[in-house]
Amino acid sequence: MSVKVRFAPSPTGKLHVGNVRTALVNWMFAKGQGGSFVLRIDDTDLARSTPEFEQGIEDDLTWLGLVWDERYNQSKRFDRYHDAAERLKAAGRLYPAWDTPEELDRRRKVQLSRGLPPIYDRAALALSDEDKAALEAEGRKPHWRFKLDGRRVAWEDLSRGHAEVDTTSMSDPVLIREDGLYLYTLPSVVDDIDMGITHVIRGEDHTTNTGAQIEIFEALIAAGLGTTVPTFAHMPLLVGADGAALSKRLGSLSVAEMRDQGYEPIAITSHLGRIGTSDPLEVADSIEALGQGFSFDKMGRSPARYDNEDLDRLNAQALHAMPYAAAKGRLETLDCDLGETFWDAVRANLTKFGDVVDLARMVRGPVTPVIEDPAFAAAALAVLPETIDAGAWSVWTSAVKDSTGAKGKALFMPLRHILTGQPHGPDMATIVPLIGRERIEKRLKGEVA
Ligand code: GLU
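Computed from a prediction, not measured in an experiment: that's the story for all the values here.

### What about the overall build of the protein chain?
Then, in step 1: From N to C terminus, the protein chain includes 20 helices and twelve strands.
Then, in step 2: Against the compact-globule benchmark of 22 Å for 449 residues, the protein chain has a radius of gyration of 31 Å, which places it well outside the compact range.
Then, in step 3: Along the first, second and third principal axes, the C-alpha atoms of the protein chain reach 110 × 45 × 40 Å.
Then, in step 4: The buried share among the 449 residues of the protein chain stands at 46%.
Then, in step 5: Counted over contacts in the protein chain with a minimum sequence separation of 6, partners at least 24 positions apart contribute 74%.
Then, in step 6: Surface exposure of the protein chain reaches about 20800 Å², of which carbon and sulfur atoms provide 52%.

### Here we look at the site of the ligand
Then, in step 1: Close to the ligand lie Arg-6, Ala-8, Ser-10, Asp-42, Tyr-184, Ser-188, Arg-202 and His-206.
Then, in step 2: Measuring from a nitrogen atom of the ligand, one finds a side-chain N or O atom of Asp-42 at 2.6 Å.
Then, in step 3: By residue class, the composition of the shell around the ligand is two nonpolar, three polar and three charged.

### Some words on the pattern of salt bridges
For side chains of opposite charge, pairing can occur when their charged atoms come near one another.
Then, in step 1: Inspection of the entire model under this criterion finds 43 salt bridges.
Then, in step 2: Salt-bridge contacts for Asp-344 lead to Arg-347; the nearest nitrogen and oxygen are separated by 3.6 Å.
Then, in step 3: Salt bridges sharing common partners tie together Arg-6, Arg-40, Asp-42, Arg-77, Arg-80, Asp-83, Arg-87, Asp-191, Asp-192 and Asp-194.

### Examining the sheet that holds strand E4 (residues 94-97)
Then, in step 1: Taking strand neighbours across the sheet as the criterion, the three strands line up as E4-E5-E8 in an open arrangement whose pairing is antiparallel. The strands lining the two open edges of the sheet, one partner per strand, are E4 and strand E8 (174-176). Adjacent strand axes in the sheet meet at a mean angle of 45°, parallel and antiparallel pairs treated alike.

The rules behind the values
- Residues numbered from 1 in each chain as written.
- Predicted model: local features only at pLDDT ≥ 70, side-chain atom pairs only at ≥ 80, totals over all residues.
- Heavy atoms only, no water.
- Helix = DSSP H or I, 4+ residues; strand = E, 2+ residues; numbered from the N terminus.
- Rg over C-alpha atoms; globule rule 2.2 N^0.38 Å.
- Buried < 20%, exposed > 50% of the residue type's maximum accessible area, 1.4 Å probe, protein only.
- Contact = heavy atoms within 4.5 Å.
- Areas by Shrake-Rupley, 256 points an atom, 1.4 Å probe, with all protein chains shown as cover.
- Near = heavy atom within 4 Å.
- Polar contact = N/O pair within 3.5 Å; in protein donor to acceptor, adjacent residues only side chain to side chain.
- Nonpolar A, V, L, I, M, F, W, Y, C, P; charged D, E, K, R; others polar.
- Salt bridge = Lys/Arg side-chain N within 4 Å of Asp/Glu carboxyl O.
- Pairing = 2+ DSSP bridges.
- Axes fitted to C-alpha atoms, helices over the stretch in contact; angles between N-to-C directions.

Here it is, written out as structure tokens:
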């Protein structure tokens, strides 16, 4: 049996870090097992779903490298949900209920005041045929509830180990609203059956859902739809660096924003793919390598800490390791392609790719030299070698040392400051040949060049 998983976002918003982690863990697990990854757009809520959000989700996944093998829209599959609903009705597992939200709310309050769990009392099941006919005659439309067995539903969770949900403590879930809208619960199960999903991997906030959904799987299997209940994995949720719930700001941080902030896809995927696992938090060579290295055995039960500082560190690592061939196109786009030597000299100084713009300006100007001691600058100019090649820096700095007596920091710092306008930066020996003699001479004279 080959592995098949799905990532099932609702196109009612942008992809944020939490969704990406779910998508990524699904992708990594599938790829590590030689299986396939399905993108399922959960757009049964036609009022809230938009084509723009759907497109955004696809763009973000593609940018991250999370390529899907199959893709579906729930909005094109209503006939399948209808068929499943009819089977459940025929089996007595899906029943109409006319209770209004106000009635439900009032009864919940009574239950709570009596110390009872506020679960649906199944009043609708007690209605006679005449009662139902009368309600219909008033023009009222029912919603439809799944009749839970009310038992301990147990499964072996790939992430949590042995898991159990007691469905006696749950209300019969509404599967179809009075306006005919299919809520997520049933379509998801029907799709998992039809698409042959072998593993359902999602956040642990879905654990209770799973209890009801396993009952729905079993009811549909008994009604002739599908053969097996998939394996489940409920991942611990993301928390902030302080161990508390992820802040609203971080929790809603979208992939689009991270892209705009200059993060590399591999830094984001390495971070989200490795937090909460026993793997070291280092940048991976490729997303494929992340997939090959993934296993639920490495995922602990403790929540995964999302720390922006880690992401920054991984981003810098990704840039430091980036070969010129991978950078060239982007350097061209930024009009900063000063060749391989330049890239190799500056990449270790980058935290975001866009930092390269300032470094390119350092080389080709304009730079406003910072000259604290004009006499020192003049002395340095006097001994500037004719040819600025790879060895020029060491020849020149020893000549400056001989003529001025400056050494160590007092020698190197003013030269850097004059030539680049900055107190820090890339290795001077590598960049002086790139700056070139003409500009060096001007900068030593205090000219903007
Ligand atoms: N659309 C659902 C959600 O975003 C999918 C949950 C699932 O993976 O089954 O929560």
